[in-house]
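Fold and geometry: a report
So you can see what is in the structure, the chains are spelled out below.
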Amino acid sequence: MNNNTDIAAKHDIDPAETHEWMEALQAVIEREGSDRASFLIETLLDTARQAGLDIPFSANTPYINTIPIHKQPKFPGNTDIERTIRSYVRWNAMMMVLRANKYTNVGGHIASFASAITLYDVGQNHFWNAASDKHGGDLIFSQGHSAPGTYAHSFLLGRLSEEQMDNFRQEVGGNGLSSYPHPWLMPEFWQFPTVSMGLGPIMAIYQARFMRYMQGRGFAQTDGRKVWAFLGDGESDEPETLGAIGMAGREKLDNLIFVVNCNLQRLDGPVRGNGKIIQELEGNFRGANWNVIKVIWGRRWDAILARDKDGLVVKRMMECVDGDYQTFKSKDGAYVREKFFNTPELQELVKDFTDRDIWELNRGGHDPIKVFAAFHAAVNHQGQPTVILAKTIKGYGMGDSGQAQNTSHQQKKMSMESIKAIRDRYQLPISDEELINLPYIRFAEDSAEMNYLRQRRVDLGGFLPSRRPKSYPLEIPALSAFKALLEGTGEGHEISTTMAFVRILNILVKDKQIGKRVVPIVPDESRTFGMEGMFRQLGIWSQVGQLYTPQDAEQLMFYKEDKNGQVLQEGINEAGGLCDWIAAGTSYSTHGVPMIPFFIYYSMFGFQRVGDLIWAAADQRTRGFLLGGTAGRTTLNGEGLQHEDGHSHLMSATVPNCYSYDPTFAFELAVIIQDGLRRMYVEQEDIFYYITLMNENYDQPAMPEGVEADILKGMYLFKKGPNSKKSRVQLLGSGTIFIEVIEAAKLLHDDWGVDADVWSCPSFTELGRDGQSCERWNRLHPTEKTRITHIERCLDDTKGPIIAATDYMRVFAEQIRPWVKRPYTVLGTDGFGRSDTRANLRSFFEVDRYHVTVAALYSLSQAGEFDAAKVEVAIAKYNIKPETTAPWLI
């Protein structure tokens with residue numbers, strides 16, 4: 001039971017005294033205003049708690065609109081014209097789905113936008129600013145399933161043709177409309193991908209916070225800009241939806257507005273059939289310090305609520321659960337009269353209402369006056385983010401074909417009777433004969449509606465949605481700027497690739513052209529990655545600076561928060577860090593200002609934990625670097641199964657515009673990052689990089705001459721074996737296991753008289769993609785000169801079997817098998833990780849120098865170039881136990 005109900009249920013031992021208190025409170029409200037009344041109540045509560053009284057806390061308010069009638073601002077638009085516009089938009093959105101499913105089976109959704117049309121219409125007509133000379137532009141995260149409505153609005157404005165509307169969900173020909181908001185597919189239209197539910201809300205929060213970062217650091221003027229996120233009430237069950245609202249409240253992001261379309265239904269049935277999702281969300285958001293605006297009832301309820309002097313209607317509103325409200329709107333007025341107004345007292349209040357009047361009692365989210373009041377309050381509220389909880393009806397207006405039915409979400413077809421009923425209800429100029437063709441409708445060019453529609457967007461700066469695909473190129477440092485890393489550390493001066501990255505980052509942040517644009521992002525692991533020096537050097541960005549004296553203030557590298565800080569430190573929060581990275585990596589589009597984000601994290605907690613957000617980042621054309629630190633199944637020794645990453649490169653390979661590298665040496669890392677900067681920030685390619693870094697120290701050699709291009713292609717000759725007539729093998733590797741490969745070449749030469757050419761393969765993924773590209777071109781151009789893959793160019797003139805070993809699952813290096821023309825053996829770290837020393841782990845997973853050596857000898861024996869009996873000798877010599885269980889089975 002709600003706390004308010006608990007208190008009301010207690011016996012009132014002195015009603016007269018209670019009445020006096022209530023009269024006194026009412027007098028204060030009338031004479032001194034609500035702020036004074038609120039102050040007095042809060043003071044009384046504080047005094048009571050200090051006296052030891054147990055005062056239960058409730059974050060809920062009554063189940064009525066937050067904004068009372070007398071505080072509603074005057075609606076500035078023409079309600080009749082806007083209703084006509086909404087009717088046309090509604091119709092065209094419905095038609096595009098029905099037409100698509102008349103001739104194809106591509107699907108689509110009608111009911112979601114039918115419930116939300118008024119919310120979008122009020123935003124388009126009165127609130128959402130496009131980017132212009134006068135305004136930086138609002139950012140709109142549309143609810144994915146409502147995409148047909150956005151297309152329908154754009155169609156009326158002439159932005160989309162009838163042919164494009166008919167190509168909804170039919171994109172292969174190049175003139176279609178994407179099923180949901182996808183910037184990758186419509187790069188000048190959609191800004192944000194949102195239909196993987198839960199991702200839109202969390203990305204919106206961090207976009208709003210990054211606006212503050214950009215303004216605080218002087219890169220953009222963001223005053224007056226808002227981030228609007230539209231989401232469904234059922235979407236709130238996704239952990240990402242509510243997972244970061246506490247940060248938004250803590251950071252006082254009053255540039256952020258959530259609009260929750262509370263149609264009370266998810267895909268299969270009610271969101272909270274036995275409860276009240278609006279009340280639940282109100283409590284969650286109020287508890288996270290958000291401004292909550294409930295838009296539950298439309299204007300047609302105002303007269304009834306005004307008559308309700310005893311609060312009986314409000315009480316009944318609270319008694320009914322969401323399952324009831326859904327059923328009410330799937331029936332008729334007589335049913336609502338019987339089931340909602342279910343006492344003599346309630347029936348008396350509506351005795352002069354017809355059943356039709358009762359049926360037309362509207363919900364707040366369908367009333368433009370109520371929605372406008374809520375939006376107006378939200379954009380003017382200061383000091384808190386705002387959430388608008390708008391109660392609507394799923395499938396609103398669809399009648400028997402879908403209104404408030406459990407099947408509404410899947411509804412893609414409608415009966416002709418329902419279509420006629422909608423035409424008649426919204427007074428649309430379509431004849432019965434025309435209906436059979438499911439026609440689109442438009443306004444005449446010189447009509448009042450068309451002029452009104454266009455002028456609304458002119459006044460607000462232009463069309464939305466709209467996306468800026470390019471900004472301006474940056475001047476990036478030449479490769480020579482990383483000379484110290486290219487020349488190596490010298491023998492005996494061991495460092496890890498993680499430390500090499502930190503040195504590269506230090507070079508970049510000091511660069512006069514781009515240094516200020518670098519955005520280092522870490523999830524509470526700076527000390528793990530050796531980046532704590534940046535605390536003092538760059539500072540951790542904070543809107544309020546540092547209001548305390550840090551514990552390590554007397555140390556050189558103390559923990560420094562600063563209003564002008566550059567580092568984003570998100571705590572133990574990979575999802576938040578990834579959203580920071582998306583916001584920074586898309587700033588070229590959202591702000592017209594390119595920023596250069598580097599997000600470094602435990603590699604196991606990247607693609608595996610927030611892979612859906614990374615996929616959304618790719619769709620959004622994010623540019624930047626993801627750094628998977630402490631990578632590799634055997635390199636992060638001691639941490640164990642949950643931490644040791646042997647598969648992140650398999651996941652990164654699934655993202656088409658992600659370029660993945662597993663470098664071994666500092667010079668490889670420098671070449672990759674410098675070229676990535678060129679491609680993303682000079683050429684402005686919509687790509688990003690995933691680079692794994694290790695925490696194992698070893699000598700960093702100088703870069704061999706002329707290998708830069710081959711590093712980027714994914715494979716280069718690191719060391720050629722002696723020119724002799726001995727048996728020969730080709731050894732391939734990446735990351736730290738490449739050090740084992742190098743040592744295996746020595747064992748083969750010293751112990752068995754076998755020579756080896758040693759190849760570093762910083763990217764088996766890029767090698768595989770190159771192979772696929774060549775294979776496709778050759779298949780489709782059978783009479784043209786055959787294209788040769790990079791792996792073939794490297795290996796075709798060599799001799800002997802080929803062995804590859806990495807710190808990842810075998811399938812990682814298997815990507816190149818189709819283009820390896822000789823016997824090819826792959827070693828990898830399949831199976832669960834575990835804690836031990838690096839040497840023991842590499843022996844266990846069979847990727848150490850000894851297993852590489854044995855694999856090479858066995859391959860030679862299969863080719864008749866080495867005695868098989870000697871392979872058994874090698875197995876015994878290196879203390880390998882042949883009968884142990886395979887590591888992927890343990």
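Now for a description of the structure that goes with this document.

What counts and how
Residues numbered from 1 in each chain as written. Predicted model: local features only at pLDDT ≥ 70, side-chain atom pairs only at ≥ 80, totals over all residues. Heavy atoms only, no water. Pairing = 2+ DSSP bridges. Helix = DSSP H or I, 4+ residues; strand = E, 2+ residues; numbered from the N terminus. Axes fitted to C-alpha atoms, helices over the stretch in contact; angles between N-to-C directions. Polar contact = N/O pair within 3.5 Å; in protein donor to acceptor, adjacent residues only side chain to side chain. Contact = heavy atoms within 4.5 Å. Buried < 20%, exposed > 50% of the residue type's maximum accessible area, 1.4 Å probe, protein only. Core = buried A, V, L, I, M, F, W, Y, C linked by side-chain atoms within 4.5 Å. Expected span 1.5 Å × (residues − 1). Patch = residues over 30% accessible without salt bridge, like charges linked within 9 Å, V, L, I, M, F, W, Y side chains within 5 Å. Areas by Shrake-Rupley, 256 points an atom, 1.4 Å probe, with all protein chains shown as cover. Salt bridge = Lys/Arg side-chain N within 4 Å of Asp/Glu carboxyl O. Parallel < 35°, antiparallel > 145°, perpendicular 65-115°, else oblique. Left-handed = near helix turned anticlockwise from the far one by under 90°. Nonpolar A, V, L, I, M, F, W, Y, C, P; charged D, E, K, R; others polar.

Quick look at the sheet that holds strand β16 (residues 755-760)
If you trace the 5 strands from one edge of the open sheet to the other, you get β14-β16-β15-β17-β18, paired in mixed fashion. Two strands lie at the open edges of the sheet, namely β14 (716-719) and β18 (824-827), each paired on one side alone. Averaged over all adjacent pairs, the angle separating strand axes in this sheet is 30°, with direction ignored. Of the strand pairs in this sheet, strand β17 (residues 802-805) and β18 are connected by 4 bridges, and their pairing is parallel. Within β18, the residue paired with A804 across the bridge is V826.

Things to note about the side chain of D367
Within the secondary structure, D367 sits in the loop between α17 (355-359) and α18 (368-380). At a separation of 3.4 Å, a polar atom in the side chain of D367 contacts the side chain of N362. Discounting residues that sit within four places of it in the chain, D367 has contacts with T118, G298, R299 and N362.

Regarding the pairing of strand β15 (residues 728-733)
For β15, the tally of buried residues reaches 6 of 6 residues, placing the bulk of the element in the interior. Covered by surrounding structure in β15 are R728, Q730 and L732 together with V729, L731 and G733, the residues of both alternating faces. In terms of strand pairing, β15 meets β16 through 6 bridges, oriented parallel. Among the inter-strand pairings, L732 is bridged to a residue of β16, identified as W759. Across 4 bridges, β15 lies against β17 in parallel orientation. If you follow L731 over to β17, its bridge partner there is I803.

Some remarks on the nonpolar core
If you look at soluble globular proteins, the nonpolar side chains tend to sit buried side by side. In terms of nonpolar packing, the biggest core is built from 87 residues, with F501, F598, I673 and L731 touching the most fellow members. Sequence-distant contacts of F501, defined by excluding residues within four places in its chain, comprise F598, I600, L627, L669, I673 and L693. With 85 residues, the next largest nonpolar core counts M211, L389, L568 and F607 among its residues.

Thoughts on helix α32 (residues 764-780)
Taking 1.5 Å per residue, 17 residues should reach 24 Å; α32 reaches 24 Å between its end C-alpha atoms and fits that length. Within the sequence span of α32, burial applies to F764, T765, E766, L767, G768, R769, G771, C774 and W777.

Concerning a nonpolar patch on the surface
Residues W888, L889 and I890 make up a contiguous nonpolar surface patch of roughly 340 Å² in combined accessible area. Here L889 is to be found in the segment after α37 (868-877).

Concerning the pattern of salt bridges
For the structure on display, the rule yields 43 salt bridges. Here D757 makes a salt bridge to R728, at a shortest N to O gap of 2.8 Å. Taken together, the positions of D757 in strand β16 and R728 in strand β15 put the pair 29 residues apart, joining distant regions of the chain. Residue D757 shares its accessibility class with R728, and that shared class is buried. Notably, a salt bridge pairs K821 with E792, separated by 3.4 Å at the nearest N-O pair. Taken together, the residues K821 in the loop between α34 (810-813) and β18 and E792 in helix α33 (residues 790-795) connect sequence positions 29 residues apart. What emerges from the salt-bridge pattern is a single network uniting E696, E740, E743, K746, R838, R842 and R849.

Things to note about the packing of helix α4 (residues 79-103) against helix α6 (residues 147-156)
It is the contact of α4 with α6, at a shortest axis distance of 8 Å, that shows an interaxial angle of 120°. Viewed along their axes, α4 and α6 adopt a mutual orientation that is oblique. The interaxial crossing formed by α4 with α6 has right-handed handedness. Along its contact with α4, which presents I85, Y88, V89, N92, A93, M96 and V97, the element α6 presents P148, G149, Y151, A152, H153, F155 and L156. Grouping the constituent residues of the contact of α4 with α6 by class yields 11 nonpolar, 3 polar and no charged.

Brief notes about helix α23 (residues 497-509)
In a regular helix each residue adds 1.5 Å, so 13 residues correspond to 18 Å; α23 covers 18 Å between its end C-alpha atoms and thus fits that length. Taken as a whole, α23 has its buried residues at T497, T498, A500, F501, V502, I504, L505, N506, L508 and V509. In the core, the buried residues of α23 are packed alongside α22 (483-486), β6 (518-522), α24 (533-537), β10 (596-602), β11 (625-629) and α29 (666-681).

Observations concerning the environment of V371
Considering the arrangement of structural elements, one finds V371 in helix α18. Owing to a relative accessible area of 2%, V371 belongs among the buried residues under this scheme. With residues near it in sequence (within four places) discarded, V371 still touches T118, L119, V122, V295, G364 and G365.

Any functional reading would require information beyond the geometric quantities listed.
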